[in-house]
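# Results of the structural survey
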There are 4 protein chains.
Amino acid sequence: METIIEADIVSQDNEAREKALKADYAALGEQLSRRGIAIDDILARVRAFGVAIPSWGVGTGGTRFARFPGVGEPRDIFDKIEDCAVIQQLTRATPSVSLHIPWDKADPKRLKQAAARFGLSFDAMNSNTFSDAQDQKLSYKYGSLSHADAAVRRQAVEHNLECIEIGRTLGSKALTVWIGDGSNFPGQVNFARAFSRYLDAMADIYAGLPDDWRLFTEHKMYEPAFYSTVVQDWGTNYIIAKELGPKAFCLVDLGHHAPNVNIEMIVSRLIQFGKLGGFHFNDSKYGDDDLDAGSIDPYRLFLVFNELADAEISGAKGFEPAHMLDQSHNVTDPIESLMLSAVEVQRAYAQALLVDRDALATFQDDNDALMATQTLKAAYRTDVEPILAMARLESGGAIDPVAAYRRAGYRQKVAHDRPAVASGGGGIV
Amino acid sequence: METIIEADIVSQDNEAREKALKADYAALGEQLSRRGIAIDDILARVRAFGVAIPSWGVGTGGTRFARFPGVGEPRDIFDKIEDCAVIQQLTRATPSVSLHIPWDKADPKRLKQAAARFGLSFDAMNSNTFSDAQDQKLSYKYGSLSHADAAVRRQAVEHNLECIEIGRTLGSKALTVWIGDGSNFPGQVNFARAFSRYLDAMADIYAGLPDDWRLFTEHKMYEPAFYSTVVQDWGTNYIIAKELGPKAFCLVDLGHHAPNVNIEMIVSRLIQFGKLGGFHFNDSKYGDDDLDAGSIDPYRLFLVFNELADAEISGAKGFEPAHMLDQSHNVTDPIESLMLSAVEVQRAYAQALLVDRDALATFQDDNDALMATQTLKAAYRTDVEPILAMARLESGGAIDPVAAYRRAGYRQKVAHDRPAVASGGGGIV
Amino acid sequence: METIIEADIVSQDNEAREKALKADYAALGEQLSRRGIAIDDILARVRAFGVAIPSWGVGTGGTRFARFPGVGEPRDIFDKIEDCAVIQQLTRATPSVSLHIPWDKADPKRLKQAAARFGLSFDAMNSNTFSDAQDQKLSYKYGSLSHADAAVRRQAVEHNLECIEIGRTLGSKALTVWIGDGSNFPGQVNFARAFSRYLDAMADIYAGLPDDWRLFTEHKMYEPAFYSTVVQDWGTNYIIAKELGPKAFCLVDLGHHAPNVNIEMIVSRLIQFGKLGGFHFNDSKYGDDDLDAGSIDPYRLFLVFNELADAEISGAKGFEPAHMLDQSHNVTDPIESLMLSAVEVQRAYAQALLVDRDALATFQDDNDALMATQTLKAAYRTDVEPILAMARLESGGAIDPVAAYRRAGYRQKVAHDRPAVASGGGGIV
Amino acid sequence: METIIEADIVSQDNEAREKALKADYAALGEQLSRRGIAIDDILARVRAFGVAIPSWGVGTGGTRFARFPGVGEPRDIFDKIEDCAVIQQLTRATPSVSLHIPWDKADPKRLKQAAARFGLSFDAMNSNTFSDAQDQKLSYKYGSLSHADAAVRRQAVEHNLECIEIGRTLGSKALTVWIGDGSNFPGQVNFARAFSRYLDAMADIYAGLPDDWRLFTEHKMYEPAFYSTVVQDWGTNYIIAKELGPKAFCLVDLGHHAPNVNIEMIVSRLIQFGKLGGFHFNDSKYGDDDLDAGSIDPYRLFLVFNELADAEISGAKGFEPAHMLDQSHNVTDPIESLMLSAVEVQRAYAQALLVDRDALATFQDDNDALMATQTLKAAYRTDVEPILAMARLESGGAIDPVAAYRRAGYRQKVAHDRPAVASGGGGIV
């Protein structure tokens, strides 16, 4: 397997940190064993945990007001794959890449080789009918899969079928459909008619799905449409998955909900009714801010993983969620943000594994709200950093991925090779 | 039919206003006929429209901080029925009353007689498992239909079955179930287990439903539970209605949603999938404020009725929504607020009937967002007050219900008969 | 004065509508006179009312995901001025244009001539330090007036001083400063130090303000910064205006507030403490959606104007608000949206003038909440369209601006002259 | 000093936990020393930190729907003081009690003795004009300090002056004024006139303030008023404090803000402009939920304390915030909730003390957003439980306050002495 960052640099950085790590790991291990938890079991599960990197996440994002690119921005999907390889090399938590078509369109075989070089695989394929591609015949200005014009819907369906086709070659096993369809004004669309058109178009896509694939639909409250959105919430998303069939599942993006919504409860409902497809992880304070996972409300991320760990441990039927980061990195080096975000997701998972579930169930049955919530807090409060760092170290990554990355001077190196991009237009997430 | 307000007072007040009303009605009729609308058709539909009064709405409401009762507060359900009769006499828009058990518990036959005296009928029955009644065996402190203890759930189921039994005698045809079950702390309840228990208990209630009854479940985002609520949104509500069966429907309270949520779209979805049961009308700015219908965002109320009128006109399958006001009158005379709220609901309905639906559909198909939204605005902007006033006049009500009510001095009269209530504890909605 | 739309087309369209308008105007006049209001007084005030057009508003807007341009997009500020002239010709409600520098940078004398040709004047100047201009030395990626680096702050100050200089030549009398400065992560900036730097930089700009100019600062809760924003709310904005001095005022954009915030109350506070500078009108459902004024919540717009009319009538000290539209037209013809939005703002003003303020004050003093709110509703419910249309007709505009505009085929004509723009990058508001 | 819980029980419980605590404390100490932090310094500061208990917090709270009392509810202020003494005995973090008048009205000398017995002192006095007391002459139904009627305002002013008088005897040094004044309907009050009346009334209260007292005003977005609130946000609160004078300060309740608002930034602004009075700590997910501090979003609590620690360390002028819990305990034993909430507040303080402020400032100046936010996270992630537990142990409290409390059987004991209270009316916070 090729690596991009020189192994020496990583091991030098690790050496300087290993002693402290071992001391912290031992102390934590002792504390956990007092709580009846074997730290090595947690370590093993953490090492097995992965989250996909979205290809578009390694470029600097932006807003409708401006985009301020950094140096060494990836020029194409092959540069992006290299950036993803760096993330995986240092964190060992991101074994796969999720592509966006047509942005990442290239010869599928070349793509496969490029990823295989670094041991990366391909996660869910993402179609794009929320913007117009350069050579596109009909515009998505007024919608795509729900458009009033059948020809536009057909074009959007075919684009999705093409994404499946590409994905088959790449070894992907899922298609994620997120559309921007909706309206900016009351009356602009008839909700029922638009949704019927959407369901019909999705049925056509579903019909083209290979047997071993899954179809993920993603709801979002608003943006880019500002009055109504066709797939506006999990209620609509659930109806879609039910109407389409057993291979259709709901994708949850943490930033796509109304203010104050209890997201972990939605996760629970989707698990209970067999329709949780997976996640787009990120964090947000206001809208779909697409900030780094866990950067604003880390306890919320933990509570989501509390549901996931509960389902995993209890063996919920059909439970096999896909994990992906989906963020916009406007003011940080995207590689650094993605490394730490993958770690944050891992952290929430590790903390959720520490929950004493038997005690929790007893407190719940006894209506002992205080001790029930303290049971979660006891797990959340635990500083699991030594476990995460040890997982990286044992898997060949870096104890401190950002430090190793900066030490290696990767950004400066690619800045040399990759010419500067013009500032301006909005980024994407 | 008995009336409470002296007929002379109403007719005197009407006489003083009739000339102006007729001029306004004629001018509006002329304007509408230019727009291709026969004003008398609208008048006829408005006259046929009714909204139920909740028995608890005629008492002064309050908050957890205080309740400031007015004078002449109703002492029992029989006083409440008299207040409802006044509302109906003056507005002719509120032909039925919705009871809350055990608050309104009384000899069903006496109840039926009391209402029949004023030509009032009984709308949906409301059960109460969100507070503890005085003689209640087990407490609902930690939930009712979703409680961890089967005995508490059984008690709650039986209470609902009793509500159905009472309703049968009264001629009601629906049971509305709203519960406060939920949690105040992460971990306090297991979402999936609690929801399973709820569904099982509801299935027991559903089994006791007469053939010609409907079961309405009402979702609410939060309050009285402040971290999670069992029936938190329309997604969960839809699942409930699907799981229970064809007599189960979703009730929409306008104040029970997350901030910024597009409620009219939820209404559309529930109509499209045959699960809209009806409404609890009110208005709100922050949470479940239970303010008077249309007092904060009258355009939103219109947009909801735009969906209802569209479904009515297009003959949506199984479309038969129940309309009820559900408000808390903390600083106004409840009778006055309920009269004007019923009128506001009627107003939204009348405006929605004015929408040029053929033009709208064409603009929608042409992606002419501007003209589509203007088509709604043209209807909404129309001052339909002359139609509403004429509907009241022709049905035997008051052109200006508040003026007639004040002229009649009803509140002062009942203040004399009904002793003052102590200030203090929270009101209810 | 030159006009762009042929006079014949407008008068033909008006002729077809004039008879109905006169009938409606007469009927409304009669109704208003019964309410003690002289319709011609309202007409006169409406005719004197104007709202500025933002130069950037006539181009199609977009989101971070995509921009879908229409045909005939303005190529430069001179095309934009022509589009503004069309809006003013047909509505007679938009006598001025507000420029954005550097987007609209051109020879000031030529600009002045271009506007004067159509009788347009220049409203507030807008600086731009939320994106990087092409030839800019230092980047605003990490802020402008609050940037940690003094050189960046200096550059931003000088840009603002240049805007003042350009504005002096054009006859503008105000500078509007809106910045995107803030942070995406807790800890990224020190709130207090950043705000001190901002205040110092603003003091430098204030020092360069001519005696007869005003300085408007605009607050916004979030976007483009997603964790904190330097001028995040009216509290901070008020402090700025107080610290800077008597020529500094607060600008209120209706879309820049937290969910559920009572904006009309903020307007009242700013009036009461002498610091209301003016408005950026638009409407929104979720965030800073920049939808057409009055398209989502027209009653809220009325309630804002209720405060303005109250201040105007009562002669509030120093009350001289600047009115401007600030919207993003993503799915409509921007000219059409701006025409109707100007009309909506006028409508709210006209309705607010109808409020019976003596009766209102009496109801308020008597704690008669119901009649107080009905007093507002009585004004709001009035269909003032005949007044607005008559104001346009008498001022030389179009009874139905959109109909006249479409009849004239302006968009098709400019589509011919102005080459198509590439799709893509985010729009701006 | 008297204690209520038997010393033996506490020491027995401590003994069983002491060994593990010492091991954890040592391991943490070693880790912190690697980070350049002396754990004993942090311990000393934590031991010196205290937060006041609100007298009303020890009773079970409720909502407008219901209140479900627990057993052993305190019957009067003397029972409440005993409950507060238990909290202080076990946590050693709550040395003072905050009274609410007239709820806690009693002979001041007896009050002082009752508190002194347990070493408790009195924090800020709280007046109550949001509900009507039994013997009250004029009602606050339509407001108090901003009421249209001067006699009502006078009554409210005198009540506040009486609170000051009582507080003088008790040794309190501050008055907290929170009112429910506002409106439920647009137009119900004139914002400017109501605020002028409020300011005049507050000036009368301010005039009665002893020289060494402070006056705290508390803003709240909504509830009990649901359209507008007189002191609705920190902007209005800041104006009040400025208008009144140097002894007037703003109180921040964490649950009184609009959705998504950045509260830590408001805290920073108030510190920067010398007007932060103190806090009412609690947590919330939806509105003013009054949940236990840190139970929903512990990182937000940390970010608030990050501002406080920064101000403390940098010696911000006039910085002397008052800390109080203000919560509603609806489903837990209030004593348990208050103990753990005090600990949570302490925890956030301890974590904030661990922030490497020099590194943070450097990252901020370098626009290194990633490392800046990681600097906060490194502090937050640290499990400081050993420090908090050690602080309790060394101060004579319990390592595990809830365990010791339950072991002591205090609730069962008082349940015996204090008769059961009727269920029903809303609780208060």
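Residues numbered from 1 in each chain as written. Chains lettered and ligands numbered in written order. Predicted model: local features only at pLDDT ≥ 70, side-chain atom pairs only at ≥ 80, totals over all residues. Heavy atoms only, no water.

### Focus: the relation of the copies chain B and chain D
Note that the two copies of the chain are related through a rotation about an axis and a translation along the same axis. Superposition of chain B onto chain D requires a rotation of 180° combined with a translation of 0.0 Å along the rotation axis, giving an RMSD of 0.0 Å. Viewed as a symmetry operation, the transformation between the two copies matches a two-fold axis. (Least-squares fit on C-alpha atoms with pLDDT ≥ 70 in both.)

### Thoughts on the environment of Val304(D)
Residue and element names in this part refer to chain D. You can see Val304 is positioned in helix H9 (residues 298–314). Sequence separation between Val304 and Met265 is 39 residues; the distance between their C-alpha atoms is 8.3 Å. Those residues in contact with Val304 that sit more than four places away from it in its chain are Leu254, Ile263, Glu264, Val267 and Phe279. (Helix = DSSP H or I, 4+ residues; strand = E, 2+ residues; numbered from the N terminus. Contact = heavy atoms within 4.5 Å.)

### Quick look at the interface of chain B and chain D
Between chain B and chain D, the contact holds 51 residues from the first and 51 residues from the second. For the pair chain B and chain D, the two sides together bury roughly 4,100 Å², of which 63% comes from carbon and sulfur. For the chain B face of the interface with chain D, the top three residues by lost area are Arg64(B), Phe65(B) and Tyr286(B), together amounting to 22%. Here Glu223(B) ties to Arg64(D) by a salt bridge, and the two come within 2.9 Å at their closest N and O atoms. (Buried area = accessible area lost by both parts, 1.4 Å probe. Salt bridge = Lys/Arg side-chain N within 4 Å of Asp/Glu carboxyl O.)

### Considering the sheet that holds strand S4 (residues 125–126) of chain C
Residues and elements named next belong to chain C. Judged by pairing direction, the sheet is parallel, and its six strands sit side by side in the order S4-S5-S7-S9-S10-S11 without closing on themselves. Looking at which strands have only one partner, the edges of the open sheet turn out to be S4 and strand S11 (322–325). Bridge analysis of strand S9 (residues 248–253) against strand S10 (residues 276–281) gives four bridges, and the strand direction is parallel. Across the sheet, Cys250 pairs through a bridge with Leu276, a residue of S10. Taken strand by strand, helix H9 (residues 298–314) contacts S10 and S11, and its axis lies near 160° from that of S10. (Pairing = 2+ DSSP bridges. Axes fitted to C-alpha atoms, helices over the stretch in contact; angles between N-to-C directions.)

### Structural notes on the packing of helix H1 (residues 7–34) of chain A against helix H14 (residues 401–408) of chain A
Residue and element names in this part refer to chain A. Interaxial distance between H1 and H14 falls to 9 Å at its minimum, and their mutual angle equals 135°. As summarised for this structure, H1 and H14 are arranged oblique, according to the angle between their axes. For the pair H1 and H14, the crossing hand works out as right-handed. Seen from H1, the contacting residues are Ile9, Gln12, Asp13 and Arg17; seen from H14, they are Ala403, Ala404, Arg407 and Ala408. Here the contact of H1 with H14 is composed, by residue class, of four nonpolar, one polar and three charged. (Parallel < 35°, antiparallel > 145°, perpendicular 65-115°, else oblique. Left-handed = near helix turned anticlockwise from the far one by under 90°. Nonpolar A, V, L, I, M, F, W, Y, C, P; charged D, E, K, R; others polar.)

### So, the relation of the copies chain B and chain A
Rotating chain B by 180° about the axis while translating it 0.0 Å along that axis superimposes it on chain A, leaving an RMSD of 0.0 Å. Of all interface residues in chain B, 100% are interface residues in chain A too; the two copies therefore contact each other through one and the same surface.

### Concerning the packing of aromatic side chains
For the coordinates displayed, the defined rule picks out 82 aromatic pairs over all chains. Geometrically, the ring pair formed by Phe49(C) and Tyr349(C) is stacked, given 4.6 Å between the ring centres and 20° between the ring planes. A residue pair is termed long-range when its members are at least 10 positions apart, and Phe49(C) in the loop between helix H2 (39–48) and strand S1 (53–54) and Tyr349(C) in helix H10 (residues 334–353) qualify at 300 residues. No difference in accessibility class separates Phe49(C) from Tyr349(C), as the two residues are buried. Among the aromatic residues, those joined into a cluster by ring pairs are Tyr299(A), Phe302(A), Tyr380(A), Tyr299(D), Phe302(D) and Tyr380(D). Cation over ring: Lys285(A) sits above Tyr286(A), and NZ or CZ is 5.9 Å from the ring centre. Its end group placed over the ring of Phe249(B), Arg214(B) keeps NZ or CZ at 5.4 Å from the ring centre. (Phe/Tyr/Trp six-rings, centres within 6.5 Å; stacked < 30°, edge-to-face > 60°. Buried < 20%, exposed > 50% of the residue type's maximum accessible area, 1.4 Å probe, protein only. Lys NZ or Arg CZ within 6 Å of the ring centre and 35° of its normal.)

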